[in-house]
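Below are the chains, spelled out letter by letter.
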Amino acid sequence: MMTSEDCIFCKIVSGEIPSKRVYEDDVCVAFNDLSPQAPTHILIIPRDHFESLDKAGRDQKDTLGHMLLSAAEIAREKGFAEKGYRVVINTNADGGQTVFHLHIHLLAGRPFVFPPG
Ligand code: 5GP
Ligand code: ZN
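Residues numbered from 1 in each chain as written. Chains lettered and ligands numbered in written order. Predicted model: local features only at pLDDT ≥ 70, side-chain atom pairs only at ≥ 80, totals over all residues. Heavy atoms only, no water.

Comments concerning the overall build of the protein
And step 1. A count of helical and extended segments in the protein gives 3 helices and 5 strands.
And step 2. Against the compact-globule benchmark of 13 Å for 117 residues, the protein has a radius of gyration of 14 Å, which places it among compact chains.
And step 3. Burial status across the protein gives 37% buried among its 117 residues.
And step 4. Counting only carbon and sulfur atoms, one obtains 52% of the accessible surface of the protein, whose full area is about 7,300 Å². (Helix = DSSP H or I, 4+ residues; strand = E, 2+ residues; numbered from the N terminus. Rg over C-alpha atoms; globule rule 2.2 N^0.38 Å. Buried < 20%, exposed > 50% of the residue type's maximum accessible area, 1.4 Å probe, protein only. Areas by Shrake-Rupley, 256 points an atom, 1.4 Å probe, with all protein chains shown as cover.)

Some thoughts on helix 2 (residues 61–78)
And step 1. Given a rise of 1.5 Å per residue, 18 residues ought to cover 26 Å, and the 26 Å separating the end C-alpha atoms of helix 2 matches this to within 8%.
And step 2. The complete set of buried residues in helix 2 reads L64, M67, S70, A71, A72, I74 and A75.
And step 3. Buried residues along helix 2 sit in contact with strand 1 (21–24), strand 2 (28–32), strand 3 (40–46), strand 4 (85–88) and strand 5 (104–108).
And step 4. G79 lies just past helix 2 and shows a positive phi near 90°. (Expected span 1.5 Å × (residues − 1). Contact = heavy atoms within 4.5 Å.)

Remarks on the side chain of D33
And step 1. One can find D33 in the loop between strand 2 and strand 3.
And step 2. R110 is the oppositely charged side chain nearest to the buried, salt-bridge-free D33, at an N-O distance of 11 Å.
And step 3. With residues near it in sequence (within four places) discarded, D33 still touches H41, I42, L43 and H105. (Lys, Arg positive; Asp, Glu negative; His and termini not counted. Salt bridge = Lys/Arg side-chain N within 4 Å of Asp/Glu carboxyl O.)

Some thoughts on the pairing of strand 5
And step 1. The element strand 5 is largely enclosed, with a buried count of 5 among its 5 residues.
And step 2. Neither face of strand 5 is exposed, since I104, L106 and A108 on one face and H105 and L107 on the opposite face are all buried.
And step 3. Pairing between strand 4 and strand 5: 4 bridges, direction antiparallel. Looking across to strand 5, one finds that V88 is bridged to H105. (Pairing = 2+ DSSP bridges.)

Some thoughts on the pattern of salt bridges
And step 1. Enumeration over the complete set of coordinates arrives at 3 salt bridges.
And step 2. Taking the shortest distance from any N to any O, the salt bridge between E24 and R21 comes out at 2.7 Å.
And step 3. With a relative accessible area of 42%, E24 lands in the partly exposed category.
And step 4. In this structure, the salt-bridge partner of R47 is E24, at a minimum N-O distance of 2.9 Å. Residue R47 is located in the loop between strand 3 and helix 2, and its partner E24 is located in strand 1; the two are separated by 23 residues in the primary sequence.
And step 5. Take R47: its relative accessible area is 17%, and that puts it in the buried class.
And step 6. One network of salt bridges, with partners in common, ties together R21, E24 and R47.

Below you can see the structure in the form of structure tokens.
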């Protein structure tokens, strides 16, 4: 298992930092965002630490696919899939990434505009 000592999301995976988990399996953990930007705002993170989509390689192909499909499953299970939702992966500075452990934002419960700000 790859972890990074000072990474808050690794600490969420280990349980050192508490979170409200909504889903977990052997590959990923999903929990409510501390500062929600929509009525539903869930973060889906891999158990293994890697910094960003920019740092992901073909080795992470299965993990990334698994995370994306988990987002779709959570959306169906929570009942907002049909109405709609948005998945976002902020990447590096201009992408608005603030936590450098790759994560998918799963947002729902209000309409979203495009392009985003
Ligand atoms: P980013 O800006 O990197 O795309 O997203 C990081 C997200 O992590 C933000 O939406 C922020 O609110 C969330 N976040 C940061 N620290 C914590 C924490 O300790 N717990 C939880 N649940 N969310 C966090
Ligand atoms: Zn990490």
